[in-house]
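# Commentary on secondary and tertiary structure
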Amino acid sequence: MKHVEVNFDGLVGPTHNYAGLSFGNVASLSNAKATSSPKSAAKQGLAKMKALHDMGMVQGVLAPQERPDIATLRRLGFSGSDGEVLIRAASQAPQIFQAVCSASSMWTANAATVSPGADTADGKVHFTPANLTNKFHRSLEPQTSGRILQAMFNNGRYFEHHTHLPDNEHFGDEGAANHTRLCSNYGHAGVEIFTFGRYAFDSSKPAPQKYPARQTFEASQAIARLHGLSDENTVFIQQNPAVIDQGVFHNDVIAVGNQNVLFYHQQAFLDTEQKFAEIQRKFGDEPVHFIEVSTNEVSVEDAVQTYLFNTQLLTMQDGHMAIIAPTECQENPRVAAYLAELVTRNTPIRQVHYFDVKQSMRNGGGPACLRLRVALNDTELAAVNPAVLMNDELFARLNQWVDKHYRDELSVADLSDPQLLTESRTALDELTQILKLGSVYPFQL
Ligand SMILES: NCCC[C@H](NC(=O)CCC(=O)O)C(=O)O
């Protein structure tokens, strides 16, 4: 049986904007209030999806969420017609209003944690949407993420969907951005590495001082239990609190893994030596390539600015690996030199491909944030809703859809235009037909 890793990229929604909502995420705060381009953001994302499809990867699309989120504004006491709710919230509580307009569901690495059937006790692929409790604008995502994932992986024989963890900081869960899976082959049981930022129930343990640790140890453990993972194929490792305080708000800003490679920064973790020995022991006889980037080669600051580690590490059809990097890496001489040298070393990584995803980068989301990985065998892949898988026709159709519905420019002030709500709902209604998702949005239920 053949096994592949499918990347499901988030399609950028029509309200993509820069509102400075993510304390601890340097790019989000420094680009607050800049004018965005939802149309070019969506097209940059689609171009990356199409390029990966053309490289021979199986590529999927994950639909965006309904924004502005009128249902949440009603829960918060704003009333009247949908237009009145919007106008009232925008004038009475502009910050809350901006948060319910965020297109942050585009970063699908935070949509869920996924464990492939090779790792789970019942042999099914398990999905748990991330509760994203640390940021209000992101905490609005899990229910709709769950419905969209159900509509994409809609077969109880192969796919198991869990409810997101309790909505509380103790169980703060950021999904696959803090989860890496190493394996000798996508179809073999692997080692699932859960990286957490702090212990929720033990304040004596190390924790960041300046910026929040979004993922807790207890949340990571709950996901491993829900997914039926064994001790022998899980490792829990703490992120170095000092790098969280330098803007590494998710582990995928400082490390990325694929198959037998873990590419990481020297300062990424705590107890690195001991934990890597555990990873190697659980991985088995074949050696893991632990590719460490030292602080001398690339500083944490450069890593945060360029997203060197928020890259996709993909196994190409010839068995070698390629790095999918943002153009910010190419523009930084130290990082560009590092990558040029890396591909000449004796490791599985042989190529680097640069992509312009600047619209997403300005909010702190690189190529890896934009995708959710799902390792599947042939039978499971055949059970995935085929309308969400990228091909030439879907690429053309989605580009036309973006051209028809998206604005070229959007400023924070434009978010209170009632017309934007109508445009967004019209676009999403049509999208659910293109992707054959059925009714997934609050306005459709
Ligand atoms: N994995 C990348 C996630 C980036 C995301 N940025 C944001 O939500 C910024 C939105 C804004 O500031 O408008 C976050 O921090 O969770």
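The model shown is predicted, which means the values in this text are computed figures rather than measured ones.

This next bit is on unusual backbone geometry. Residue arginine 67 is joined to proline 68 through a cis peptide bond whose omega torsion reads -5 degrees. Tracing the sequence through the fold places proline 68 in the loop between strand S2 (59–62) and helix H3 (70–75). Even without being glycine, leucine 132 reaches a positive phi, approximately 50 degrees. Assignment of secondary structure puts leucine 132 in the loop between strand S4 (125–129) and helix H6 (136–139). Judged by relative accessible area, leucine 132 falls into the buried class, the value being 1%. The residue glutamine 259 is not glycine, and still its phi comes out positive at about 45 degrees.

Following the criterion strictly, the structure yields 27 salt bridges and no others. One connected set of salt bridges, linked through shared partners, spans Glu66, Arg74, Asp82 and Arg425.

Moving on: helix H4 (residues 82–92). Each turn of an α-helix holds 3.6 residues, which means side chains three or four residues apart point in the same direction. Taken as a whole, H4 has its buried residues at Val85, Leu86, Ala89 and Ala90. Buried positions in H4, seen along its axis, are confined to an arc of 120 degrees and lie on one side of it. Exposed residues on H4 whose side chains face more than 90 degrees from its buried face are Ser91 and Gln92. In this structure, the buried residues of H4 make contact with H3, helix H5 (94–99) and helix H17 (418–434).

Before going further, it helps to examine the environment of isoleucine 244. Its place among the elements puts isoleucine 244 in helix H9 (residues 241–244). A relative accessible area of 2% places isoleucine 244 in the buried class. C-alpha of isoleucine 244 to C-alpha of threonine 195: the two residues are 49 residues apart in sequence and 12 Å apart in space. Apart from residues no more than four positions distant in its own chain, isoleucine 244 is found in contact with Gly197, Pro208, Tyr211, Pro212, Ala213 and Gln239.

In the numbering used here, UniProt assigns the "active site" (unreviewed entry) feature to Glu174, His250 and Cys369. A stretch of 196 residues holds the annotated residues, and the largest C-alpha distance among them is 11.1 Å, short enough that they meet in one place. As for the annotated residues, the ones lining the second largest cavity are His250 and Cys369. With respect to the secondary-structure elements, histidine 250 resides in the loop between H9 and strand S9 (255–258). The exposure class assigned to histidine 250 is buried, which follows from its relative accessible area of 1%. Look past the residues within four positions of histidine 250 in its chain and what remains in contact with it is Asn110, Glu174, Ala177, Asn178, Arg214 and Gln239.

What follows is about empty space enclosed by the protein. For the structure on display, the rule yields seven cavities of 30 Å³ or more. Size it by volume and the largest cavity reaches roughly 300 Å³. Along the wall of the largest cavity there are 23 residues; nearest its centre are Glu5, His179, Thr180, Arg181 and Arg373. Of all elements in the fold, only strand S6 (179–182), S9 and strand S15 (371–377) reach the threshold of two or more residues within the lining of the largest cavity. Across the lining of the largest cavity, the residue classes tally to 12 nonpolar, six polar and five charged. Looking at the second largest cavity, its volume works out to about 170 Å³. Along the wall of the second largest cavity there are 20 residues; nearest its centre are Ser22, Asn25, Trp107, His137 and Asn363. Tallied by class, the residues present in the lining of the second largest cavity amount to five nonpolar, 13 polar and two charged.

Calculation rules
- Residues numbered from 1 in each chain as written.
- Predicted model: local features only at pLDDT ≥ 70, side-chain atom pairs only at ≥ 80, totals over all residues.
- Heavy atoms only, no water.
- Helix = DSSP H or I, 4+ residues; strand = E, 2+ residues; numbered from the N terminus.
- Buried < 20%, exposed > 50% of the residue type's maximum accessible area, 1.4 Å probe, protein only.
- Salt bridge = Lys/Arg side-chain N within 4 Å of Asp/Glu carboxyl O.
- Arc of directions from axis to C-beta.
- Contact = heavy atoms within 4.5 Å.
- UniProt positions renumbered as here; feature names shortened; annotations may be inferred.
- 1 Å grid on protein atoms, 1.4 Å probe; cavity = no way out; pocket = protein on both sides within 12 Å on 5 of 7 lines; lining within 4 Å.
- Points joined across faces, edges and corners; volume = space filled by probe spheres on them.
- Nonpolar A, V, L, I, M, F, W, Y, C, P; charged D, E, K, R; others polar.

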